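Analysis of the macromolecular model
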Amino acid sequence: MTMRPGMIQATDAFERIVHWTMAISCIILFITGLGMMFHSLNFIGTIMGGLKSLKYVHNWTALIFGFSLIFAISMWWKEAGVIEMPDDLEWIKCAGGYLWHVDNPPESGKYNPGQKMFFIAVALCGPMMVVTGLLMMFQILPVGLTRWMYTLHAVGFVTLFAFFFVHVYLGTIGNPGSLQAMTTGWVTRGWAKKQHPKWLREMEEHGTLVVYGEEKKGAPGGHH
Amino acid sequence: MAEKIKLYDDAKCTACRGCQLACKQWNALKAGQTKQWGSYQNPPTLQPNNYMIIHFQDVKDDKGGVKWLFRKEACMHCTDAACVTVCPSGALYYNKEFGTVGLNRDLCIGCKNCTAACPFEVPKYDATTDKVYKCDMCESRLANNMTPACVKACPTGALSWGDKEAQLKKAAARAKELGGSATIYGDKYVGGTHLMYVLSEKPATYAGVQIDPSVPLSITLWKGFLKPVSLLAAGGILVGSFLHYLIHGPKLPDDAGDAGKKEGGE
């Protein structure tokens, strides 16, 4: 978990702050949302001083989530929001070697297509959750349309909730060495070579690789 | 359980609005200021402080003249009530004895799920209290073997309260007696409502009547399908991840053995 000479910078501090702001607000939204979705989970509201307080926690946390989304989408969409053909298609065809044995899975860039799909899901469902949530709070649409805001809010929840667990698994024990990309920001060279060889090679070629303990050759590997 | 319903017979209604006043009085609802909008129908719509209104409507009769058409609008007390389905706090509930839909306002969190879900658009949200208001069929009176206040006040017998079976028979006989396009409204929708009408005209003739109302599809998809799917999907992912870890194993750097020693088991 610590930085040692020879490690590679994967994210900068701003990216990590945005990530964790979004992650924590999202988890609070999950928990409070579940407290309203299931009567059996109403006790979550009791902890917060009543279900009405829980409603306010949910609605105000959504504001923080919405702001972190703006930063997340604007800084990551170029790297994680664009599926590149045909390389990414090849990766998708063999699921990146994650589900069955693949001798030589296609090499990933900074984000593999799986990560890109997660980003796209968040980038689409996140704003949808904010917009539908606001229209549920402020019912300015005709009632026939307002009803569908609830359905869409639930569709977004199903998607994000499922992806959340995939993300947690693959970001921790599923890919050892990945978590520190979002904690300290530094990863080992061996990890980068295995997980994102194309990204590592490109940074070496462009001289943008930032190695711990060495003088910076160029801009950090994260977003500008 | 003796399921009971309130029957409104518009042909017997004189629109005296005694029921409106009795409703206000029993529920201690304050009067609101309204504007003259060219109709005796006042207040013009249901409001947080207004659980029921009598609709006033001019319609042409067979002889080319004009006649009044009245209708009582209030919570229909559905058997399959969308508001109860969507209420997150249990504030809206079915009265176990009568089958009506009660509202425990202490539990209401003002989320407005019910105002969107109700096919009759009955519950009304009050921003000052951040709570929702609607007719609860005078549950406090029912619990003490009294009839709803509106029924008690009705001088013509247009409103009646009684066992569902008996009321349905009465309604059928009355519709037959009225003849023409007279019909019962409420018995076929949302599992049967606990406020039913004997309408002297076709339902479509009445302003604001929902033709063939049902629990909205969006609400059924949300609560009947997506809600369980959210847990099933997440549970499937968790189980899948665990199995993936056991069967496929984590993805380690190629020199993991070596690095593992050096880097403390990453």
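Quantities reported herein were computed from a predicted structural model and do not represent experimental measurements. (Residues numbered from 1 in each chain as written. Chains lettered and ligands numbered in written order. Predicted model: local features only at pLDDT ≥ 70, side-chain atom pairs only at ≥ 80, totals over all residues.)

Helix and strand counts for chain A stand at eight helices and two strands. Secondary structure elements of chain A occur, N-terminal to C-terminal, as β-α-α-α-α-α-α-β-α-α. A principal-axis box enclosing the C-alpha atoms of chain A has dimensions of 55 × 35 × 30 Å. Residue burial in chain A is summarised as follows: out of 224 residues, 38% are buried. Taking as baseline every contact in chain A between residues at least 6 positions apart, the subset at least 24 positions apart corresponds to 64%. (Helix = DSSP H or I, 4+ residues; strand = E, 2+ residues; numbered from the N terminus. Buried ≥ 20, exposed ≤ 12 C-beta atoms within 10 Å, placed from the backbone. Contact = placed C-beta atoms within 7 Å.)

Residue and element names in this part refer to chain B. Spatially, S8-S1-S10-S9 is the arrangement adopted by the four strands of the open sheet, whose pairing is mixed. Because the sheet does not close on itself, it has two edges, and the strands there are strand S8 (159-163) and strand S9 (183-185). Neighbouring strand axes in the sheet, compared pairwise and without regard to direction, differ in orientation by 25° on average. With five bridges joining them, strand S1 (residues 4-9) and S8 adopt antiparallel strand pairing. Bridge assignment links Tyr 8 to a residue of S8, and that residue is Leu 159. (Pairing = 2+ DSSP bridges. Axes fitted to C-alpha atoms, helices over the stretch in contact; angles between N-to-C directions.)

With that settled, consider the domain arrangement of chain B. Examined at the domain level, chain B breaks down into domain 1 (4-214) and domain 2 (218-263). For domain 1 of chain B versus domain 2 of chain B, the separation of C-alpha centres amounts to 50 Å. (Domains from an automatic or database assignment.)

Right, let's talk about helix H6 (residues 164-178) of chain B for a bit. Residue and element names in this part refer to chain B. For H6, built from 15 residues, the straight-helix expectation of 21 Å at 1.5 Å per residue is met to within 8% by its first-to-last C-alpha distance of 21 Å. Within the span of H6, buried status applies to Gln 167, Ala 171 and Ala 175. The arc that holds every buried residue of H6, seen down its axis, measures 70°, which confines them to one face. In H6, the exposed positions angled more than 90 degrees off the buried face are occupied by Glu 165, Lys 169, Ala 173, Lys 176 and Glu 177. The secondary structure elements touched by the buried residues of H6 are S1, S8, S9 and strand S10 (195-199). The first or second residue beyond H6 is Gly 179, which carries a positive phi of 65°. (Expected span 1.5 Å × (residues − 1). Arc of directions from axis to C-beta.)

Moving on to the pairing of S1 of chain B. Residue and element names in this part refer to chain B. Burial runs high along S1: six of the six residues are buried. Going residue by residue along S1, you find Lys 4, Lys 6 and Tyr 8 tucked away on one face and Ile 5, Leu 7 and Asp 9 tucked away on the opposite face as well. Two elements, S1 and S10, share four bridges in a ladder whose sense is parallel. Residue Leu 7 lies in a different strand from S10, and its bridge partner there is Met 196.

In this model, chain A carries a mean pLDDT of 93, and residues with pLDDT of at least 70 account for 96%. Put simply, helix H4 (residues 87-93) of chain A is where chain A has its lowest mean pLDDT, 90, and helix H1 (residues 13-37) of chain A is where it has its highest, 98. (pLDDT = per-residue confidence, 0-100.)

Turning to the packing of H1 of chain A against helix H3 (residues 51-80) of chain A, a few remarks are in order. Residues and elements named next belong to chain A. The contact between H1 and H3 brings their axes to 8 Å, and the two run at 145°. Where H1 crosses over H3, the handedness of that crossing is left-handed. Contacts between H1 and H3 involve Glu 15, Val 18, Thr 21, Met 22, Ser 25, Cys 26, Ile 28, Leu 29, Thr 32, Gly 33, Gly 35 and Met 36 on the former and, on the latter, Leu 54, Val 57, His 58, Thr 61, Ala 62, Ile 64, Phe 65, Ser 68, Leu 69, Phe 71, Ala 72 and Met 75. Taken together, the residues of the contact of H1 with H3 sort by class into 15 nonpolar, eight polar and one charged. (Left-handed = near helix turned anticlockwise from the far one by under 90°. Nonpolar A, V, L, I, M, F, W, Y, C, P; charged D, E, K, R; others polar.)

Here we take up the nonpolar core. One finds Met 52, Ala 82, Cys 83, Cys 114, Ala 117 and Cys 150 of chain B to be the most contacted residues of the largest nonpolar core, which totals 96 residues. When residues in this core are grouped by element, the largest group, 12 residues, is from helix H6 (residues 143-171) of chain A. Looking at which domains feed residues into this core, each of domain 1 (4-214) and domain 2 (218-263) of chain B gives three or more. When residues no more than four places from it in sequence are discounted, the contact partners of Cys 83 of chain B are Leu 92, Val 101, Cys 114, Ala 117, Cys 118 and Pro 123 of chain B. Core analysis: the next-biggest nonpolar cluster, separate from the first, contains 13 residues, Ala 10, Trp 191, Trp 199 and Leu 200 of chain A among them. (Core = buried A, V, L, I, M, F, W, Y, C linked by C-beta atoms within 7 Å.)

This part covers the confidence of the model for chain B. Residue and element names in this part refer to chain B. Confidence along chain B averages 94 in pLDDT terms, with 95% of residues attaining 70 or more. Across residues 258-266, where pLDDT falls below 50, the model places 10 contacts with residues more than four positions away in sequence or in other chains. For this predicted complex, the interface confidence comes out at an ipTM of 0.91, alongside a pTM of 0.92.

The next subject is the interface of chain B and chain A. Taken together, the contact between chain B and chain A spans 34 residues of the former and 34 residues of the latter. Of all the elements in the fold, those that place two or more residues in the side of chain B that touches chain A are helix H3 (113-117), helix H7 (217-247) and helix H8 (256-263) of chain B. No other element matches the 14 residues that H7 of chain B contributes to the side of chain B that touches chain A. Class assignment for the residues of the side of chain B that touches chain A results in 20 nonpolar, six polar and eight charged.

As a further point, take the environment of Asp 88 of chain A. Residue and element names in this part refer to chain A. Note on placement: Asp 88 falls in helix H4. Judged by local crowding, Asp 88 falls into the buried class, with 21 C-beta atoms found within 10 Å. C-alpha of Asp 88 to C-alpha of Phe 67: the two residues are 21 residues apart in sequence and 30 Å apart in space. Those residues in contact with Asp 88, other than ones at most four positions away along the chain, are Ile 83 and Pro 113.

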